[in-house]
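A closer look at the structure
So the chains spell out like this:
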Amino acid sequence: IIWAATPRLPAGGGNASLELSSRLPAPAALNPWDVMLCVSGTAIACENALVVAIICYTPALRTPMFVLVGSLATADLLAGLGLILNFVFQYVIRSETVSLLTVGFLVASFAASVSSLLAITVDRYLSLYNALTYYSERTVLCIHTMLAGAWGVSLCLGLLPVLGWNCLHDRTACSVVRPLTKSNVTLLSASFFLIFLIMLHLYIEICKIVCRHAHQIALQQHFLTASHYVTTKKGVSTLAIILGTFGASWLPFAIYCVVGNPDYPSVYTYATLLPATYNSMINPIIYAYRNQEIQRSMWVLLCGCFQAKVSFRSRSPSDV
């Protein structure tokens, strides 16, 4: 049996768990779910590759905020490439060793993506809570430390199945996503729940700070203007959309990994995993393409001769 990097339906169908395997002698039947994952990975890779290229080739985009956005785009780019490689190793080139490496690659990439989202949330909170000292060297050091820790932990999580924490030789220990063990996916799900709760708490605090600032402005001007109300409402709504999108994408898969049984139909895992990949497709839209400096740099990169005739305002990390 050769183990591929991401899930596919077992040859027997029925109530078997999502299995990352195929038999070497006969070619595997093309699974539509695997095709959708590959298409999703292609879209993710293309979107985020453009963001990474823009940030790398634009000297002005060297602020802590864009470093964090670049980290997120890099993680999502790697995740997209991992989904493509999974398809290749599952249907074209079959190798147990390489496929197991791809499993770890996908785990590390998605873990880095979620960790980068947490780092961006922390950065937005700090930019509001410590607005006067945000642009200090201490903040830059803090962000670089956060990113180093996030990528370090993600790499360790990705190495666990490669170094032996898998169910290749013990089918009874398998989870709904083989060859990851039940204890492995439980650890990953618990880590996600912790990150989600921290992000929820920080975004609630950000909403409080935004509302407090609006109230202070209203007191200074002796009344709350309609524009201030609209701006505050828009900011809170945007935060809700960001957190809601993240939760809606990942929560179903994380919950199913904990409560799911390996004997359940594999379609359940596919149906929860596919929306999770969409988060990496939405991230560049939320965190990159809405930024005016990235929009201008994108036109310069794509057109080469674009000359900005309007003044673009550089957004602060607290802009949402």
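Look above for the structure.
These notes cover the structure that comes with them. (Residues numbered from 1 in each chain as written. Predicted model: local features only at pLDDT ≥ 70, side-chain atom pairs only at ≥ 80, totals over all residues. Heavy atoms only, no water.)

A look at the environment of Trp-151
Short version of the rule: Helix numbers and strand numbers start at the N terminus; a helix is a DSSP run of H or I with at least 4 residues, a strand a run of E with at least 2. Each residue is assigned to one of three classes by its accessible area relative to the maximum for its type, calculated with a 1.4 Å probe on protein chains only: buried under 20%, partly exposed between the two thresholds, exposed over 50%. Any two residues whose heavy atoms approach within 4.5 Å at even a single point are treated as in contact. By the criterion applied in these results, polar contacts are pairs of N or O atoms within 3.5 Å in which, for protein atoms, one can donate a hydrogen and the other can accept it, and in which residues neighboring in sequence qualify only through two side-chain atoms.
Tracing the backbone through its elements, the reader meets Trp-151 in helix α4 (residues 137–162). Here Trp-151 falls in the partly exposed class, since its relative accessible area comes to 29%. In this structure, the C-alpha to C-alpha distance between Trp-151 and Ser-116, residues 35 residues apart in sequence, is 8.5 Å. Setting aside residues no more than four positions away along its own chain, Trp-151 makes contact with Ser-71, Thr-74, Ala-75, Leu-78, Ala-112 and Ser-116. Within polar-contact distance, the side chain of Trp-151 engages the side chain of Ser-71 at 2.9 Å.

Considering the packing of helix α1 (residues 32–56) against helix α8 (residues 292–303)
Under the convention used in this document: Under this scheme, a helix contributes an axis fitted over its contacting stretch, all axes are lines through C-alpha atoms, and angles between N-to-C directions fall in the 0 to 180 degree range. Geometric relationships in this document are graded by angle, where less than 35 degrees denotes roughly parallel, more than 145 denotes roughly antiparallel, 65 to 115 denotes roughly perpendicular, and other angles denote oblique. Under this grouping Gly is polar, as are all residues other than the nonpolar Ala, Val, Leu, Ile, Met, Phe, Trp, Tyr, Cys and Pro and the charged Asp, Glu, Lys and Arg.
As a packed pair, α1 and α8 sit with axes 10 Å apart at the nearest point and diverge in direction by 95 degrees. Judged by the inter-axis angle, α1 sits roughly perpendicular to α8. On the side of α1, the interface is formed by Leu-50, Ala-53 and Ile-54, while α8 contributes Ile-294, Ser-297, Met-298, Leu-301 and Leu-302. Residue classes in the contact of α1 with α8 are distributed as seven nonpolar, one polar and no charged.

Observations regarding the state of the cysteines
Formally: Disulfides are defined as pairs of cysteine sulfur atoms found within 2.5 Å of each other.
In this structure the tally under the stated criterion is one disulfide. Bridging Cys-167 to Cys-174, the disulfide has an S-S length of 2.0 Å. Between Cys-167 and Cys-174, the S-S dihedral sits near 100 degrees, and the bridge is therefore right-handed.

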